[in-house]
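Results of the structural survey
So the chains spell out like this:
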Amino acid sequence: MAARRLGGSSWQQMSLLSRRWCLQAGSAGKREQNRYSSSSTTLEKTVENSEVTREEIVLPRRKTWDKLAVLQALASTVNRDPTAAHYMFQDDPFLMPRNTANSRLLSLSKESGRSAAKYIIKEFPQYFDKTTSEPNIPCLMPENLTPQIEGVSEAALKERIHLRRVKASVDLFDQLLQAGSPVSLETTNSLLDLLCFYGDGESAQEKQNEQKGDLEEPEENTSEQRSPKRQFQKSLNSSGFRWRENNNAERIFKIMPERNAHSYCTMIRGMVKHGAPAKAYDMYTDLLNERHKADVHTFNALIRAVPYLKEKFAERWALVKDFLNHMVQQEVQPNVLTFNAVLKTLRRCGGVGRGVSLSVIQEMTALDIEPSLATYEHLLHIFYRSVELQPSTIIAEILEEVEKRSFTPQDPDDANFFPTAMQACCDLKDIKLAYRLNKSMEKGDNWKFLDMDRLNAYWSKFFSLLCMMEQIDVVLKWYKEMTPSLFYPSTRSMFDLLQALDAANHLEVIPSVWEDIKQLGFSRKQDLLEELLSLMSREEHPEETQLAFAKCAEDIKAAHEQSGRDQAPLEWTGSALGHVVVLFSRAGRTQDAWNMMEHFQQINRIPTDQVMDEFLNCAKQTNCPDEAIKLVKLAASFGLPSTLKLKSRTEQEFELSEKQKNALESIQSDSDSSDSDSDSDRD
Amino acid sequence: MGRFGDSRVSPSLSPQVVSWSRSCAPPALGAHRDLHTTPVCFKTRAARVRVGKGDKPVTYEQAHAPHYIAHRKGWLSLHTGNLDGEAGAAERTVEDVFLRKFLYGTFPGCLANEVVLKRRANLLVICLVVLQNLAPSKLYFLIGYSETLLSHFYKCPVRLEVQTVPTKVIYKYL
């Protein structure tokens, strides 16, 4: 008895697992074997049997294995597993994400769990600081972030700067000045560095402390008014702090008794970072007047700020050339970031940029600087994203360069290369370039440049390109391999897939596509449902397919009627209802079709002639003259011109009893006597 | 729950006892039977669920007595501390007790079975079977939290591998 119970529950779980990604299972069964034994089909059959009768034990048939089965199974584990989700998720059907939004939610909740643990560790470091591991692992010890040195001294100031406490260090600096003790140039410079980096806002830790302080304050009106304002300010801070007039950094800069090149450079970089480019330019002219030399990072920042300083394209390029000449005069060596900044500015320079960018690349190679992925990304942007698209072969050359080696991250913009390149391939509608791009992404470390969002965007674009350009079996093969491990299809991708299936006349795959749509949680998207229904009902199909389509239609009907917890029920549209009726009729389900017909009045729509003809056909096949009469009554109540035709068809094709014939006659008299303008009520 | 204490009954106890033992003794003088008692160590009741009326659901783990370990059951905690020449068995046991209590409290009402702990070199792998009564995002929150906290506490990488079941898997009813 125990074994039977155990057998029952585990078979149910097996059937749950096999329901996932039906498209894969279906096509695997049809074509080449993923399983190497002989009895895969019987396995599915026994699952269904045991679901029906729980008390029987159905013994599966003995499996015979291929000679190479073990080796083949091992070989299939070596490459990427196409059915698994990303490594960060647990390998369990309940815990695997269904679509993009879900995967983001789950990864964020895991991350928030981690930060909750880190908060506990920070609050109670006394429980975590015993060193039981040998050698000591510093990253697993609690961090000591409270300043040790008390008192007003320069060493204390240095410590607070080191611990990134912006407000505390500014206060301490002011105290030191008031006390009259001078602060060395170096320390002042490092204070300026801190202020310019954080933009006079607070660093992340202090923000956390402030938030905690907000929560602990008693419930007063003032605190309640303050906290929403503070949150608003914080959102501004995170999005890009604005350099306020005469803030701490400027103030300290002004009261410095002596300044060296480093101070000017820091100020310039801070101003550019936090959105005050004009001031940065003024500061730069001050620096030149004082006959100091700027360093390479300052020049990079200034070049990046050029589009905000000048409006006209030619002027921008002239200013960039100016800066580069100054670099030469001051004997500052440019690096790859300099050239990337130049190209980034050239992106905003239109036609001038296009002409000049290639010579920039030549300059780079002359100086022996290896381009990074960001360089190529800027080039692609310059040549492929503008409105007047001139065909150019530069993308092929770029791909050649990228294929050769594996890149290391050098510039924050590196990560955008692959999505931009794939977008360019899509715009050019070139599938071979896309394949080459894929290959170069898999080489070496290049895959690390794609995080989850960019991965999704990249593969979605690739999939739409595939659907447009390739044969249907290639599309389906890629679909099987890419979902759900590499990307979760969006509604757009589903539309593309349906279009491809339509173009290849492969519409019998639609029921498994519908299963996947339900899995992804798109079963309430009105436009997707309409598309599905219209594709299914457009033509006649063989018997099996028709039955499968009718089942899909029933699912869609259930989706419409079920109203979720907070959602309003989906509205039926006339065309959708019509399609559902047609699908039911073609499968011979007269009663269901009639139920749907009755919905038409509820939504104030009129069924088309095709719909009514199909319904009549179905009624004839299943021999239900009552339904036919009801249909004629319905048509009469709508006041449709086709009522007469329907009536005559009913009389000719059906064998009617006396009562039915009388009923039919009475309808005629109703429709004859009513005015053509007025609506007639149902009787 | 022994009727006798955990010491040998010596003949020099209360006179009542002595006389009772004397009365059962064979008539030979000086020879008397002592009562031999053992420390209380109910090996016959350890880790066994007693048979009841047939309405008590019991998992596979609970249904099998300890003498079935290595025959029908596996171990719940796997480490090398008990091998010849290896040290640290007691520390591992204390860690296990803490981990089980911690996980029992962190996943309230969700654990479907005992936690399995596997130690491989420095890594501690905790295998849980969890019921599906929490939302997946909440479960991931607890998983991230436990992994980080336990890593910092024990100074070794800790990984949680979670499997979910809809209800507790009942083996039989006792």
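Note: the structure precedes this text.
To keep things clear, this report deals only with the structure shown in the data block. (Residues numbered from 1 in each chain as written. Chains lettered and ligands numbered in written order. Predicted model: local features only at pLDDT ≥ 70, side-chain atom pairs only at ≥ 80, totals over all residues. Heavy atoms only, no water.)

1. Examining the overall build of chain B
The helix and strand inventory of chain B stands at four helices and six strands. Written out in order from the N terminus, the α and β elements of chain B read α-β-α-β-α-β-β-α-β-β. Split into buried and exposed, the 174 residues of chain B put 30% on the buried side. Across chain B, contacts joining residues at least 24 apart in sequence account for 59% of those joining residues at least 6 apart. Entry remark: accessible area of chain B is about 11,400 Å², with carbon and sulfur atoms responsible for 58%. (Helix = DSSP H or I, 4+ residues; strand = E, 2+ residues; numbered from the N terminus. Buried < 20%, exposed > 50% of the residue type's maximum accessible area, 1.4 Å probe, protein only. Contact = heavy atoms within 4.5 Å. Areas by Shrake-Rupley, 256 points an atom, 1.4 Å probe, with all protein chains shown as cover.)

2. Looking at the overall build of chain A
Counting its secondary structure elements, chain A contains 33 helices and zero strands. Within chain A, the fraction of its 683 residues that count as buried is 42%. As presented, chain A carries roughly 38,200 Å² of accessible surface, and 51% of it is formed by carbon and sulfur atoms.

3. Side note on the side chain of N446 of chain A
Take N446 of chain A: it is sitting in the loop between α21 (431-442) and α22 (452-469). Contact partners of N446 of chain A, with chain neighbours within four places excluded, come to V402, R405, S406, F407, F418, S440 and M441 of chain A.

4. Side note on the side chain of T266 of chain A
All names here are of chain A. Position of T266 relative to the elements: it lies in helix α12 (residues 261-273). We classify T266 as buried; its relative accessible area is 8%. Within polar-contact distance, the side chain of T266 engages the backbone oxygen of H262 at 2.6 Å. Excluding its chain neighbours within four sequence positions, the residues that come into contact with T266 are L192, D193 and C196. (Polar contact = N/O pair within 3.5 Å; in protein donor to acceptor, adjacent residues only side chain to side chain.)

5. Topic: the packing of aromatic side chains
One pass over the structure, following the stated rule, counts 25 aromatic pairs over all chains. Centre to centre, the rings of F89 of chain A and Y140 of chain B are 5.9 Å apart; their planes meet at 85°, and the pair counts as edge-to-face. Residue F89 of chain A is found in the loop between α4 (69-76) and α5 (100-123), and its partner Y140 of chain B is found in helix α4 (residues 136-154); the two belong to separate chains. Across the pair, exposure class does not vary: F89 of chain A and Y140 of chain B are buried alike. Centre to centre, the rings of Y60 of chain B and Y171 of chain B are 4.9 Å apart; their planes meet at 75°, and the pair counts as edge-to-face. (Phe/Tyr/Trp six-rings, centres within 6.5 Å; stacked < 30°, edge-to-face > 60°.)

6. Remarks on the sheet that holds strand β4 (residues 123-131) of chain B
Residues and elements named next belong to chain B. Read across the open sheet, the four strands follow the order β2-β3-β4-β5; overall the sheet is mixed. The two strands at the open ends of the sheet, each matched to only one other strand, are β2 (77-78) and β5 (158-165). Alignment of strand β3 (residues 116-120) against β4, held across five bridges, turns out to be antiparallel. Its bridge partner lying in β4, R119 is registered against L124. Packed on one face of the sheet, helix α3 (residues 89-106) meets β2, β3 and β4 and runs near 135° to β3. Relative to β5, α4 is tilted by about 155°, and along the sheet it contacts β4 and β5. (Pairing = 2+ DSSP bridges. Axes fitted to C-alpha atoms, helices over the stretch in contact; angles between N-to-C directions.)

7. Brief notes about the interface of chain A and chain B
Counting residues at the interface gives 32 residues for chain A, matched by 30 residues for chain B. Of the roughly 2,700 Å² buried between chain A and chain B on both sides combined, carbon and sulfur atoms contribute 69%. It is Q90, F94 and L140 of chain A that lose the most area in chain A upon contact with chain B, and together they represent 24% of the buried surface on that side. On inspection of chain A and its partner chain B, the count reaches eight residue pairs in polar contact (both at pLDDT 80 or more). Only α1 (2-19) and α5 of chain A provide two or more residues apiece to the side of chain A that touches chain B. The dominant element in the side of chain A that touches chain B, judged by the number of residues it contributes, is α5 of chain A, at twelve residues. (Buried area = accessible area lost by both parts, 1.4 Å probe.)

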